[in-house]
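Residue-level listing of the chains:
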Amino acid sequence: MRIAVVGAGAIGGFIGAMLSNAGEDVTLIARGAHFRAMSERGIRIKGSLGEFVGRPKVTDDPETLRDVELIILTLKAHSLSGIAPRLASAIGPSTSIISAQNGIPWWYFYRHGGEFDGLQLEAVDPGGTLNRSFPSERMIGCVIYCSTLVPEPGVIEHLEGTRFAIGEPDGTRSDRCHNIAQTFIRAGLRCPIRSNIRHDIWVKLLGSVAFNPISALTRATLLEIVRCPETRDLSVQIMTEAETIAKRLGIDIAITKEQRVRGAEAVGHHKTSMLQDVQAGRPLEWESIIGVLVELGNKLNLPVPHMRAVAASTKLLSQTLTRSA
């Protein structure tokens, strides 16, 4: 399968190395020191799966790609609009596109059905760039259950998890999802096909919407957040507001807020992805995780005061990080 991985950082590089080692025709799109290191030495994967070097093709110019079978978008959500128009030549008549961003994706209401079908989300697709660049019928949802990091350029450390749940927006079990799942499985990755990928999105988001921004604002680990009574309570309030939106959209998350809190406590001194971005001085992926829920609260006339306050603070923090970069 001809595969392009757009945004070959910790997750994208890991996926690309695993697929390439399984014999797939993989091209990674990366930039900077990480791109140069992968071009010269390949990708060294180390961690819970052992250690090996993957040697997929690498480019820093997405416009060189032509008619690939599968595009995997692993960029942070706020970076997609900048690269999307440059991927036009890669999208052929049979190209499928997997979006693997955290939070609510821009295509969420494509084939949603009911009164919300086709709803546009400005927070995750300002100006509609993504909708214009990526044909909606090509989209496949993906929820990542995998933890990786880049300790140095060209090196990816796999901490845990190999599960990449995928699903069609309309819930059908398509041939293309079957083929993609088999490709991932041959590469040693888990790839269940979900009949309601939106439910999976919300299950993961319920914790992310609370713990990610609070960790960024406080520099605290998961354990520190839930053991502080005030931030523990704030987390529960944010999850309550998110759950109200989910129910209005027809999603029963079926996991209690206390279960999520206990789960976070069990993980211990884990640094969320947003906290890692703060410490690295990178812009934050706040729009798709909490900003879009504030937008949905407004559209659905649901009060979200706790999310609104935390989103505003997280937005400003991301802006200050960008200015100081």
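This text follows the structure it describes.
First things first, this report covers the structure right here in the doc. (Residues numbered from 1 in each chain as written. Predicted model: local features only at pLDDT ≥ 70, side-chain atom pairs only at ≥ 80, totals over all residues. Heavy atoms only, no water.)

Scanning the chain from terminus to terminus reveals twelve helices and nine strands. Relative to the 2.2 N^0.38 estimate, which gives 20 Å for 325 residues, the radius of gyration of the chain is 19 Å and therefore close to what a compact globule would have. Taken along its principal axes, the extent of the C-alpha atoms in the chain is 50 × 40 × 35 Å. Per-residue burial over the chain gives 54% buried out of 325 residues. Within the chain, contacts between residues at least 6 apart in sequence are counted, and of these 74% link residues at least 24 apart. Element-wise, carbon and sulfur atoms account for 50% of the exposed surface of the chain, whose accessible area totals about 13700 Å². (Helix = DSSP H or I, 4+ residues; strand = E, 2+ residues; numbered from the N terminus. Rg over C-alpha atoms; globule rule 2.2 N^0.38 Å. Buried < 20%, exposed > 50% of the residue type's maximum accessible area, 1.4 Å probe, protein only. Contact = heavy atoms within 4.5 Å. Areas by Shrake-Rupley, 256 points an atom, 1.4 Å probe, with all protein chains shown as cover.)

Let us now look at the side chain of Glu295. Along the polypeptide, Glu295 turns up in helix H11 (residues 287-299). When sequence neighbours within four positions are dropped, the list of residues in contact with Glu295 reads Gln120, Leu121, Glu122 and Ala123.

Below, the discussion takes up the pairing of strand E3 (residues 43-47). Every regular strand shows the same layout, with side chains that alternate between the two sheet faces. Note: E3 against strand E4 (residues 52-54), three bridges, orientation antiparallel. Its bridge partner lying in E4, Ile45 is registered against Phe52. If you look at the hairpin formed by E3 and E4, you'll find four residues sitting between the two strands, and Gly50 has a positive phi there, around 95°. (Pairing = 2+ DSSP bridges.)

A few words on the nonpolar core. Counting 71 residues, the largest nonpolar core has Phe134, Trp202, Ile245 and Leu293 as its most contacted members. The residues touching Ile245, leaving out its near neighbours within four places in the chain, are Trp202, Leu293, Leu296, Gly297, Leu300, Leu302, Val304 and Met307. (Core = buried A, V, L, I, M, F, W, Y, C linked by side-chain atoms within 4.5 Å.)

This part covers helix H1 (residues 10-21). Its twelve residues give H1 an end-to-end C-alpha distance of 17 Å, which sits within 8% of 16 Å, the value for a rise of 1.5 Å per residue. When you tally the buried positions in H1, you get eleven out of twelve residues, the bulk of the element. Backbone geometry just downstream of H1 places Gly23 in the positive-phi region, at approximately 100°. (Expected span 1.5 Å × (residues − 1).)

Ordered by their spatial adjacency, nine strands build an open sheet running E4-E3-E9-E8-E7-E6-E1-E2-E5, and the pairing between neighbours is mixed. Whereas interior strands pair on both sides, the edge strands pair on one side only; in this sheet they are E4 and strand E5 (57-59). The sheet shows a mean angle of 35° between the axes of neighbouring strands, direction not considered. Sitting on the sheet, H1 touches strand E1 (2-6), strand E2 (25-29), E3, E4, strand E6 (68-73), strand E8 (139-152) and strand E9 (155-167), and the angle it makes with E8 is about 100°. Against the sheet, helix H5 (residues 175-186) engages E1, E6, strand E7 (91-99), E8 and E9, with an angle of about 155° to E9. (Axes fitted to C-alpha atoms, helices over the stretch in contact; angles between N-to-C directions.)

With that settled, consider the packing of helix H6 (residues 197-218) against helix H12 (residues 305-324). Between H6 and H12, the least distance of the axes is 10 Å, while the angle of their chain directions is 45°. For the element pair H6 / H12, the angle class is oblique. The way H6 lies across H12 gives a crossing that is left-handed. Packed against H6, whose contacting residues are Val209, Pro213, Ala216 and Leu217, the element H12 presents Met307, Val310, Ser313, Thr314 and Leu317 at the interface. For the contact of H6 with H12, the residue count by class is seven nonpolar, two polar and no charged. (Parallel < 35°, antiparallel > 145°, perpendicular 65-115°, else oblique. Left-handed = near helix turned anticlockwise from the far one by under 90°. Nonpolar A, V, L, I, M, F, W, Y, C, P; charged D, E, K, R; others polar.)

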